[in-house]
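Chain residues, written in single-letter form:
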Amino acid sequence: MTNNVNYSDFKPIFDYLVSVPFIVGRNKLYSAAELYEGYTPEQPETYDDCHDAQIYRHYLSKGKQTSDIKESLARTLHDQGVYVALGEFFRVHNYLKCIGVMGGHALLRTDDMYRQIVFLSKRLTEQGFYMLSGGGPGAMEATHLGAWMAGNSDDDVEDALQTLSAAPTFRDSSWLQTAFEVIRKYPQTQFESLGIPTWLYGHEPSTPFATHIAKFFENSIREHNILTLPFGGIIYTPGSAGTMQEIFQDAVQNHYLSYGFSSPMIFLGSQFWTETVPAYTLLQELMEKGVYKNLSLILTDDSEKVVKELIRFQEMAKACPEKFNVN
C-alpha cells in the first residue's frame, strides 16, 4: 500500500510548533536565568512577563489536559527533549551520588525544619553528593539553598536565611526577589543541584537556587524522575499528599529491586512520621508482615545520622560495584 503523504497538510502543525512560547525541540536543561528571563528582582511585577510565567499562561489557556493535538505534540516533544537532556546530565554525574529530598511545598522559610534541611543539604553537597528535589518552594527550595551555600560559612547561611525570612512563603510578593538577593550576595559556580518542577503546579515558582532545572509539562514524567534518579537515597521531610505518594512509589521500586538494589529511605522528623502521619510506622509493620521486602528504613531527627547513613551506603556500593553498576 502506498502512503501518499501531502506534506502541505502538515504546515499548520509546523506553524503551531514554532509559535508556542517554549522551545519544542529542546535539547538541554533549563537554568534559573533562562526561566526567569525578563524578571527584574527590584520590580516584582515583572514576574508576569518572564519566560516561565509566559509558558504557564499558555499552558493554562490551552488546558492542563488539552485535547488539541498540536498542543499535545508540542508538549510531548518538549518533555522528550528535557528527558534526553537529563540523560546527558547523568553521563557526567554518578547516579549513586544523587540524593533526593521530598517534602512539603508549604514549609515556611522561617520553620526549624527548613533550616535543618538547608544545613543538611549544604553538608551533603560538601561531602561530594549532589541534591535533587521537585524544584519548587518549601522543603524543595531549602534543599537547593543548602547546595547553593556549600563552601560558605554557617554565618553566611544564617545571613541568607535572615534575608529570606522577609518572605516566608512563596505566596509573598517578594519570595523570588529575596532569593535573587541571596544569589547575588553569594554567587557560586562550584556546586550543582538538580530541580525537577512541573507546569502542572506552575503557580508555585521554581526555585532559582537549583543550578540545573528539568521542568516538565507532564507531572507523571516528573514524579518518575524525582524518585528513580536519586540512587544514593531519598530523605523524606514532613509533607502532605504529594509526599505520601512519593513514599509509597519509592517503596515499590525498592521492594521489587527494580534497579538491582534498594536505596535508603530516610524519614527526617520522628514525631511527624510516627504520630502526625505514621507512614514510617506503617511501612515498618508491613515489612514485619512480609508485605514489603528489601526496604532500608531509617527514622531520625539527627542530620548527622542522615549523613552517616548515606556515606555508609556509598561505602557498601563501592565494596560491591557489580551490584551497584548504574552509571
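Structure shown above.
Residues numbered from 1 in each chain as written. Predicted model: local features only at pLDDT ≥ 70, side-chain atom pairs only at ≥ 80, totals over all residues. Heavy atoms only, no water.

> Would you mind going over the packing of helix H9 (residues 219-228) against helix H10 (residues 241-255) in detail, with residue names and values included?
For any two helices packed against each other, one specifies the inter-axial angle together with the distance between the axes. In the contact formed by H9 and H10, the axes pass within 10 Å of each other and the chain directions differ by 60 degrees. If you check the angle between H9 and H10, you find them oblique. With respect to the hand of their crossing, H9 and H10 are arranged in right-handed fashion. For the pair formed by H9 and H10, the contact residues are Glu223, His224, Ile226, Leu227 and Thr228 on the first element and Gln245, Glu246, Gln249, Asp250 and Gln253 on the second. In the contact of H9 with H10, the residues fall into two nonpolar, five polar and three charged. (Axes fitted to C-alpha atoms, helices over the stretch in contact; angles between N-to-C directions. Helix = DSSP H or I, 4+ residues; strand = E, 2+ residues; numbered from the N terminus. Parallel < 35°, antiparallel > 145°, perpendicular 65-115°, else oblique. Left-handed = near helix turned anticlockwise from the far one by under 90°. Contact = heavy atoms within 4.5 Å. Nonpolar A, V, L, I, M, F, W, Y, C, P; charged D, E, K, R; others polar.)

> How would you explain the side chain of His212 if you had to name every residue and give the values?
Looking at the secondary structure, you find His212 in strand S4 (residues 212-213). There is a polar contact of 2.9 Å between the side chain of His212 and the side chain of Thr211. In this view, His212 contacts Leu29, Tyr30, Phe89, Glu192, Ser193, Leu194 and Gly195; residues no more than four positions away in its chain are not counted. (Polar contact = N/O pair within 3.5 Å; in protein donor to acceptor, adjacent residues only side chain to side chain.)

> Report on helix H4 (residues 69-89), specifying residues and quantitative values.
Every α-helix carries 3.6 residues per turn, so stepping three or four residues along brings you back to the same face. Taking 1.5 Å per residue, 21 residues should reach 30 Å; H4 reaches 30 Å between its end C-alpha atoms and fits that length. Within H4, the full set of buried residues consists of Glu71, Ala74, Arg75, His78, Asp79, Gly81, Val82, Ala85, Leu86 and Phe89. Buried residues in H4, looked at end-on, bunch into an arc of 155 degrees, giving them a common side. Seen from the buried face of H4, the exposed residues on the opposite side, beyond 90 degrees, are Ile69 and Thr76. The secondary structure elements touched by the buried residues of H4 are helix H1 (11-17), helix H3 (51-62), strand S2 (130-133), strand S3 (193-195), S4 and H9. The backbone nitrogen of Lys70 has a side-chain oxygen 2.9 Å away, supplied by the residue at the start of H4, namely Asp68. (Expected span 1.5 Å × (residues − 1). Buried < 20%, exposed > 50% of the residue type's maximum accessible area, 1.4 Å probe, protein only. Arc of directions from axis to C-beta.)

> Describe the pattern of salt bridges, and please don't skip the residues or the numbers.
Inspection of every chain in the model, using the stated rule, returns 15 salt bridges. Between Lys215 and Asp52 there is a salt bridge; the shortest N-O distance is 2.9 Å. With Lys215 in the loop between S4 and H9 and Asp52 in helix H3, this residue pair connects regions lying 163 residues apart in the sequence. Both residues of the pair, Lys215 and Asp52, belong to the buried class. For Lys122, the salt bridge identified is with Glu126, shortest N-O distance 2.8 Å. Of this pair, Lys122 and Glu126 both sit in helix H5 (residues 112-126), four residues apart, which is roughly one turn of that helix. Among the charged side chains, a network of salt bridges with common partners joins Lys122, Glu126 and Asp154. (Salt bridge = Lys/Arg side-chain N within 4 Å of Asp/Glu carboxyl O.)

> Mind laying out the packing of aromatic side chains, listing which residues take part and the relevant values?
In the structure shown here, the tally under the stated rule is 24 aromatic pairs. Plain terms: the ring middles of Tyr59 and Phe217 are 5.8 Å apart, the flat faces sit at 35 degrees to each other, and that makes the pair tilted. Of this pair, Tyr59 sits in helix H3 while Phe217 sits in the loop between S4 and H9; the two residues are 158 residues apart in sequence, bridging distant segments of the chain. By the burial criterion, Tyr59 is buried, and Phe217 matches it. Through a chain of ring-to-ring contacts, the aromatic side chains of Phe89, Phe90, Tyr95, Tyr130, Phe231, Tyr259, Phe261, Phe313 and Phe324 assemble into a single cluster. Taking the ring centre of Tyr30 as reference, the NZ or CZ of Arg26 above it sits at 3.6 Å. Sitting above the plane of the Tyr16 ring, Lys70 keeps its charged end 5.6 Å from the centroid. (Phe/Tyr/Trp six-rings, centres within 6.5 Å; stacked < 30°, edge-to-face > 60°. Lys NZ or Arg CZ within 6 Å of the ring centre and 35° of its normal.)

> An account of the packing of H5 against helix H6 (residues 139-148) is needed here, citing residue identities and associated values.
Close contact between H5 and H6 brings their axes to 7 Å; oriented N to C, the two are set at 40 degrees. Considering their axes alone, H5 and H6 lie oblique with respect to each other. Crossing angle aside, the handedness with which H5 passes H6 is right-handed. Every residue of H6 that contacts H5 at Tyr114, Ile117, Val118, Ser121, Lys122 and Thr125 is listed here: Ala139, Glu141, Ala142, Thr143, Leu145, Gly146 and Ala147. Taken together, the residues that form the contact of H5 with H6 break down as seven nonpolar, four polar and two charged.

> Run through unusual backbone geometry, naming residues and quoting values.
Its identity is not glycine, yet Leu257 carries a phi of approximately 50 degrees, on the positive side. Residue placement: Leu257 occurs in the loop between H10 and strand S6 (264-268). The backbone phi angle of Asn294 is positive, close to 70 degrees, even though this residue is not glycine. Tracing the chain through its elements places Asn294 in the loop between helix H12 (279-289) and strand S7 (296-300). According to the relative accessible area criterion, Asn294 is partly exposed, its value standing at 39%.

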